[in-house]
Amino acid sequence: MLQELFSPSVQHWLDLIGIFVFAISGALMAVRKNWDVFGIAALAEVTALGGGVFRDLVIGAVPPAAFTDLGYFVTPLIAAALVFFLHPEVERTQTAVNVFDAAGLGLFCVTGTTKAYDYGLGLTASAALGLATAVGGGVVRDIIANEVPSLVRWDRDLYAVPAMVGAGIVVLCIHLDALDGFTSGLAVLTAFVLRLLAMRYHWRAPRAWNRRSAGVEVTEETP
Amino acid sequence: MLQELFSPSVQHWLDLIGIFVFAISGALMAVRKNWDVFGIAALAEVTALGGGVFRDLVIGAVPPAAFTDLGYFVTPLIAAALVFFLHPEVERTQTAVNVFDAAGLGLFCVTGTTKAYDYGLGLTASAALGLATAVGGGVVRDIIANEVPSLVRWDRDLYAVPAMVGAGIVVLCIHLDALDGFTSGLAVLTAFVLRLLAMRYHWRAPRAWNRRSAGVEVTEETP
Amino acid sequence: MLQELFSPSVQHWLDLIGIFVFAISGALMAVRKNWDVFGIAALAEVTALGGGVFRDLVIGAVPPAAFTDLGYFVTPLIAAALVFFLHPEVERTQTAVNVFDAAGLGLFCVTGTTKAYDYGLGLTASAALGLATAVGGGVVRDIIANEVPSLVRWDRDLYAVPAMVGAGIVVLCIHLDALDGFTSGLAVLTAFVLRLLAMRYHWRAPRAWNRRSAGVEVTEETP
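Residues numbered from 1 in each chain as written. Chains lettered and ligands numbered in written order. Predicted model: local features only at pLDDT ≥ 70, side-chain atom pairs only at ≥ 80, totals over all residues. Heavy atoms only, no water.

### Quick notes on the overall build of chain A
Reasoning step 1: Within chain A, the secondary structure is distributed over 8 helices and 0 strands.
Reasoning step 2: Order of helices (α) and strands (β) in chain A, N terminus to C terminus: α-α-α-α-α-α-α-α.
Reasoning step 3: Scaling as 2.2 N^0.38, a compact globule of 223 residues should have a C-alpha radius of gyration of about 17 Å, and chain A matches this with 18 Å.
Reasoning step 4: For chain A, the spread of C-alpha atoms along the three principal axes comes to 50 × 45 × 30 Å.
Reasoning step 5: In chain A, which comprises 223 residues, the proportion classed as buried is 56%.
Reasoning step 6: In chain A, the proportion of contacts linking residues at least 24 apart, taken out of those at least 6 apart, comes to 77%.
Reasoning step 7: For chain A, the exposed surface amounts to about 9200 Å²; the carbon and sulfur share of it is 67%.
Reasoning step 8: For chain A, the centre of its 14 positive side-chain charges and the centre of its 19 negative side-chain charges are spaced 10 Å apart. (Helix = DSSP H or I, 4+ residues; strand = E, 2+ residues; numbered from the N terminus. Rg over C-alpha atoms; globule rule 2.2 N^0.38 Å. Buried < 20%, exposed > 50% of the residue type's maximum accessible area, 1.4 Å probe, protein only. Contact = heavy atoms within 4.5 Å. Areas by Shrake-Rupley, 256 points an atom, 1.4 Å probe, with all protein chains shown as cover. Lys, Arg positive; Asp, Glu negative; His and termini not counted. Charge placed at Lys NZ, Arg CZ, Asp CG, Glu CD.)

Set out below in structure tokens:
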């Protein structure tokens, strides 16, 4: 039932848009790292599909959607080809990419949470898996690229919180039996807008208390 | 049957203790890396639950216990909160943390092996998966933190061997049809004590033969 | 049916050879990194079995073959022991190792593709998963060793393309209903020879267009 909140074709197109923008971010990272064309394609695929594949393995929905729907597989390749030929132009539109990435984040945390709940997970676990779906691809992208995941860096704008809020709204609506196309859309929109605000006003998350006084290594700080 | 070696509630509490101490080690690593509060929580979760999730995916026990038991999910968050507010105090108790980590190691290698055998794996595969359950979370922690896994570093005290011995005792007992609460407890205790001894006397594993004479890079050596 | 292209025992021996040579490459990497004997064994196991475990999890063939067939588990340990005692000699035979690795690549892309198709995946998804089976172990090896995956580096000889061609021939033969022992062997051989040629003539993949003119970081370049 929950899967039918949006009409199948609308849902599918929203999914493909989310996959596309995540793939763009993966492909751009590969270009900045000076990788070859297969590295660009591979990182685009992994970034776009990693979160969803992990979710599907956890809930037992095998083979994962990424391997049964040809559109999910081909979309990252299109994104990779675009970045391969036009990366200076794509990088110039970094703001647009960030906006689309925020849209993907909002969308994936909501669809990830509803799919997990559909497969019988509890409310908290569904929200946690929805969050993992939304941020998982980016974490795998950064690990493969040998970077500290941008998700955990204190000097990056909030990324997890918007997805948490979106997933939280979904499970709250499920709990209140109020999840429908409208409230789902509201959850997507809330996560999307929160992420845009976090980027606009550089909202950061706190580090551990007494961080400065403690004699800890700070080698991960970047200028 | 094997799952009932300990009474369910005792087993559950032992699991939660193991999860808690592994989560502490993940959260402390995140603080040392200067990550923000979400990085601390995420690394605590992954370190505590990573080994068990991998085991459950391999044996087909989906969704993994980490996603069906709320206590498994919440415990690492409590550990993360504790480290967030009190990390200087927690670090000062590093010895205590190490002792608890050794207890978690002993416990997880035994429960991982018995669960794998319960799901139909052979004796050798069960022991291997029990070992992977015990050390898996720590390896994922180090990979995400962009460190060489402490498991494989020659300049760290033995970590894999105690877990191997614990898992080995379990499969030996299964083979002899002698696995019960007593022998299981003995396996946990043996792994636990071996790890404590390895830390106390700095037992190290050998590197490859002729290591010195071979003209190999030694960049991973740390002072 | 597809699984019976080769007689079971021939197939099994080919699998073990592929696992052995991949394990050698993992163990050698661990020796170069100066890891201890457990690091050598662990990296041999992960490199040899990682791609196949991922494939089996995705298609729902749990527990993965690596955990049900004792030979799959023991073979990497033999390779690790060999490298542990004889690594200078093994490194001196790097060319031979590379030839075997090419054989493993060709074999795994073909068996991975056919197994995925047997489990109901579509042609494109089967080829993609066959490719992942062939290159997956090497990527995990490089991630654990904290290296940029050699798969994506522009300054390394082509590795993905031969596996793609091999997987492509298999799905083409399936589509034409012409897959048998002969055409499968041809696919293995084509991938094998292409990889040998790539190493012999240092075929490289292109990087993104305008790479030089764009002001991007090139820190990943190695001499």
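This is not the end of the story, as more comes after the structure.
### Examining the relation of the copies chain A and chain B
Reasoning step 1: With an RMSD of 0.0 Å, chain A superimposes on chain B once it is rotated by 120° and translated 0.0 Å along the axis. The superposition of one copy onto the other is thereby described by a three-fold rotation axis.
Reasoning step 2: Different-surface contact between copies: only 9% of interface residues of chain A are shared with the interface of chain B. (Least-squares fit on C-alpha atoms with pLDDT ≥ 70 in both.)

### Regarding the interface of chain B and chain C
Reasoning step 1: Across the contact, 35 residues belong to chain B and 25 residues belong to chain C.
Reasoning step 2: Both sides of the chain B and chain C interface together cover about 2700 Å² of buried area, and 68% of this is carbon and sulfur.
Reasoning step 3: One can count 0 salt bridges joining chain B with chain C.
Reasoning step 4: Taken together, the connections running from chain B to chain C amount to 2 residue pairs in polar contact (both at pLDDT 80 or more).
Reasoning step 5: Breaking the side of chain B that touches chain C down by element, the ones donating at least two residues are α2 (37-59), α6 (123-144) and α7 (160-175) of chain B.
Reasoning step 6: Broken down by element, the side of chain B that touches chain C gets its largest block of residues, 5 residues, from α6 of chain B.
Reasoning step 7: Grouping the amino acids of the side of chain B that touches chain C by side-chain chemistry returns 24 nonpolar, 4 polar and 7 charged. (Buried area = accessible area lost by both parts, 1.4 Å probe. Salt bridge = Lys/Arg side-chain N within 4 Å of Asp/Glu carboxyl O. Polar contact = N/O pair within 3.5 Å; in protein donor to acceptor, adjacent residues only side chain to side chain. Nonpolar A, V, L, I, M, F, W, Y, C, P; charged D, E, K, R; others polar.)

### Digging into the interface of chain A and chain B
Quite often, the size of an interface is put as the accessible area lost when its parts meet.
Reasoning step 1: Taken together, the contacts link 35 residues of chain A with 25 residues of chain B.
Reasoning step 2: Of the roughly 2700 Å² buried at the junction of chain A and chain B (both faces included), carbon and sulfur atoms supply 68%.
Reasoning step 3: Where chain A meets chain B, there are 0 salt bridges.
Reasoning step 4: Mapped onto the side of chain A that touches chain B, the elements with two or more residues apiece are α2 (37-59), α6 (123-144) and α7 (160-175) of chain A.
Reasoning step 5: If one sorts the elements of the side of chain A that touches chain B by residue count, α6 of chain A sits on top with 5 residues.
Reasoning step 6: Its residues assigned to classes, the side of chain A that touches chain B shows 24 nonpolar, 4 polar and 7 charged.

### What to know about the UniProt feature "domain: Glycine transporter" (unreviewed entry) in chain A
Residue and element names in this part refer to chain A.
Reasoning step 1: The sites that UniProt annotates as "domain: Glycine transporter" (unreviewed entry) are residues 13-87 and 99-173.
Reasoning step 2: Along residues 13-87, the helical share is 87% and the strand share 0%, with 24 Å between the first and last C-alpha atoms.
Reasoning step 3: The annotated region residues 99-173 carries 75% helix and 0% strand content, and the separation between its end C-alpha atoms amounts to 26 Å. (UniProt positions renumbered as here; feature names shortened; annotations may be inferred.)

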